[in-house]
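# Residue-level structure breakdown
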Amino acid sequence: GGGVTRTIDCAICRELLEVPIVKAGEEDMSVTGVFARRMYMVTPCRHIFHTDCLENWMKFRLQCPICREDLPPL
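What you see is a predicted model, and the numbers here were worked out from it, not measured in a lab. (Residues numbered from 1 in each chain as written. Predicted model: local features only at pLDDT ≥ 70, side-chain atom pairs only at ≥ 80, totals over all residues. Heavy atoms only, no water.)

### Comments concerning the overall build of the chain
On a plain count of helices and strands, the chain comes out with two helices and four strands. Counting from the amino terminus, the chain carries its helices and strands in the arrangement β-β-α-β-β-α. Looking at the chain as a whole, 23% of its 74 residues are labelled buried. Taking as baseline every contact in the chain between residues at least 6 positions apart, the subset at least 24 positions apart corresponds to 27%. (Helix = DSSP H or I, 4+ residues; strand = E, 2+ residues; numbered from the N terminus. Buried < 20%, exposed > 50% of the residue type's maximum accessible area, 1.4 Å probe, protein only. Contact = heavy atoms within 4.5 Å.)

Dropping the structure here:
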């Protein structure tokens, strides 16, 4: 855990998104950690968005909003 986060901008809604930083090989299984992971999604091209933003985007276009790499359907 440790509660360390990184703040980024969601490229879809342009609002702030806090993403927890977890070291390789570690996993935060706390209730807070599990809840935090539901707030964001990471694309196969490793871009991060709010879950709601990306799910709504993918209803219309199956491409990453940043690099336009194809996304798998939900």
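### A closer look at the pairing of strand E1 (residues 5-9)
The sheet contact formed by E1 and strand E2 (residues 16-20) spans five bridges and is antiparallel. Each residue of the ladder has a partner; that of Thr5, found in E2, is Pro20. What sits between the antiparallel neighbours E1 and E2 is a turn of six residues, in which Arg14 has the positive phi angle 65 degrees. (Pairing = 2+ DSSP bridges.)

### A word on the environment of Thr51
Mapping Thr51 onto the fold places it in helix H2 (residues 51-58). Remark: the alpha-carbon pair of Thr51 and Tyr40, spanning eleven residues in sequence, is separated by 4.5 Å. If we ignore the near neighbours within four places in the chain, the residues touching Thr51 are Arg38, Met39, Tyr40 and Met41.

### Regarding unusual backbone geometry
Even without being glycine, Arg14 reaches a positive phi, approximately 65 degrees. Tracing the sequence through the fold places Arg14 in the loop between E1 and E2. If you check the backbone angles, Arg46 has positive phi at about 75 degrees while not being a glycine. Relative to the helices and strands, Arg46 is located in the loop between strand E3 (40-42) and strand E4 (48-50).

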